[in-house]
Amino acid sequence: MIEVRGLTLPSVLEIRPERHWDERGFFSETWSGSLFAAAGVHVDWVQDNHSYSSRSGVLRGLHYQLPPAAQARLVRASRGSVFDVAVDLRLGSPTFGRWTGLILSAQNWNQVFIPAGFAHGFVTLEDGSEVQYKVSAPYRPDLERSIRFDDPAIGIDWPIGRDELVLSSKDSDAPLFGDAELPASWQ
């Protein structure tokens, strides 16, 4: 059983898998093709990724891949917590350029489904946070793109101040949204 809640952008979904507890601990199906299909999520996952951030304030993003390797993602924090963000990059969408965000945590046992056509990023809220996510297309460095996490045109309200963030040069030097390479279609 899973609980599904729509967020402020169409098709971006918070998903809470059920945990079955007993005296030993718990068991949970974090992905079930039939349960997710019943909730309207039809994706063939091809790769699992796992990131570890040693400290709070590590920001990764905003990342996306161009077609034919555009990626849908199913993201969860397996340890600690993160503020997770999706930005709609679909030209012609009524929510083009808007963002939505939520806290993912091991304690809350929630996940977020982000379809292809969205940029993704997160900032860690605790030391030692780990994020695991499934993607629908393999990593293709030649098709990977980034957008500046602090672009005022998007206006993401990050819960950690700019001076406390730990960023890669790729993320701090990413182009602004208006300069981003976006396809006419995400198919």
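Right above here is the structure, for reference.
Quantities reported herein were computed from a predicted structural model and do not represent experimental measurements.

Caption draft 1: Region of interest: the environment of phenylalanine 36. Along the chain, phenylalanine 36 turns up in helix H1 (residues 33–38). When its relative accessible area of 1% is taken as the criterion, phenylalanine 36 is described as buried. When the C-alpha atoms of phenylalanine 36 and proline 141 are compared, they prove to be 29 Å apart, with 105 residues separating the residues in sequence. Not counting residues up to four positions away in its chain, the partners in contact with phenylalanine 36 are Ile2, Ile15, Thr30, Trp31, Val41, Leu74 and Gln111.

Caption draft 2: Spatial organisation of the packing of aromatic side chains. Evaluation of the coordinates by the stated rule reveals nine aromatic pairs. When the ring of tryptophan 21 is compared with that of phenylalanine 26, the centres are 4.9 Å apart and the planes differ by 55 degrees; the resulting orientation is tilted. Residue class for phenylalanine 26 comes out partly exposed when judged on its relative accessible area of 37%. With centroids separated by 5.7 Å and ring planes inclined at 80 degrees, the aromatic side chains of tryptophan 31 and tryptophan 45 adopt a geometry described as edge-to-face. Linking tryptophan 31 in the loop between strand E4 (25–27) and H1 with tryptophan 45 in the loop between H1 and strand E5 (47–53), this pair joins segments that are 14 residues apart in sequence. Classification of tryptophan 45 as buried rests on a relative accessible area of 17%. One aromatic cluster is present, built from ring pairs that chain together Trp31, Phe36, Trp45 and Phe113.

Caption draft 3: Inspection of the sheet that holds strand E6 (residues 59–65) at higher detail. Taken together, the five strands give an open sheet; going across it, the order is E9-E8-E11-E6-E13, and neighbouring strands pair in antiparallel fashion. The outermost strands of the open sheet, each flanked by one partner alone, are strand E9 (99–105) and strand E13 (144–146). Strand-to-strand twist of the sheet, defined as the mean angle between neighbouring strand axes without regard to direction, takes the value 25 degrees. The pairing of strand E8 (residues 81–88) with strand E11 (residues 118–124) spans seven bridges and is antiparallel.

Caption draft 4: Looking closely at the pattern of salt bridges. In total, this model carries 11 salt bridges according to the counting rule given. Residue aspartate 88 pairs with arginine 90 through a salt bridge whose shortest N-O separation is 2.8 Å. Judged by relative accessible area, aspartate 88 falls into the buried class, the value being 0%. For the salt bridge of aspartate 150 with arginine 162, the shortest nitrogen-to-oxygen distance reads 3.7 Å. Of this pair, aspartate 150 sits in the loop between E13 and helix H2 (169–172) while arginine 162 sits in the loop between E13 and H2, and the two are 12 residues apart along the sequence. Residue arginine 162 is classed as partly exposed on the basis of its relative accessible area, which comes to 44%. Each of Arg5, Glu14 and Arg16 takes part in one network of salt bridges that share partners.

Thresholds, definitions, all that
- Residues numbered from 1 in each chain as written.
- Predicted model: local features only at pLDDT ≥ 70, side-chain atom pairs only at ≥ 80, totals over all residues.
- Heavy atoms only, no water.
- Helix = DSSP H or I, 4+ residues; strand = E, 2+ residues; numbered from the N terminus.
- Buried < 20%, exposed > 50% of the residue type's maximum accessible area, 1.4 Å probe, protein only.
- Contact = heavy atoms within 4.5 Å.
- Phe/Tyr/Trp six-rings, centres within 6.5 Å; stacked < 30°, edge-to-face > 60°.
- Pairing = 2+ DSSP bridges.
- Axes fitted to C-alpha atoms, helices over the stretch in contact; angles between N-to-C directions.
- Salt bridge = Lys/Arg side-chain N within 4 Å of Asp/Glu carboxyl O.

Structural measurements only, silent on function.
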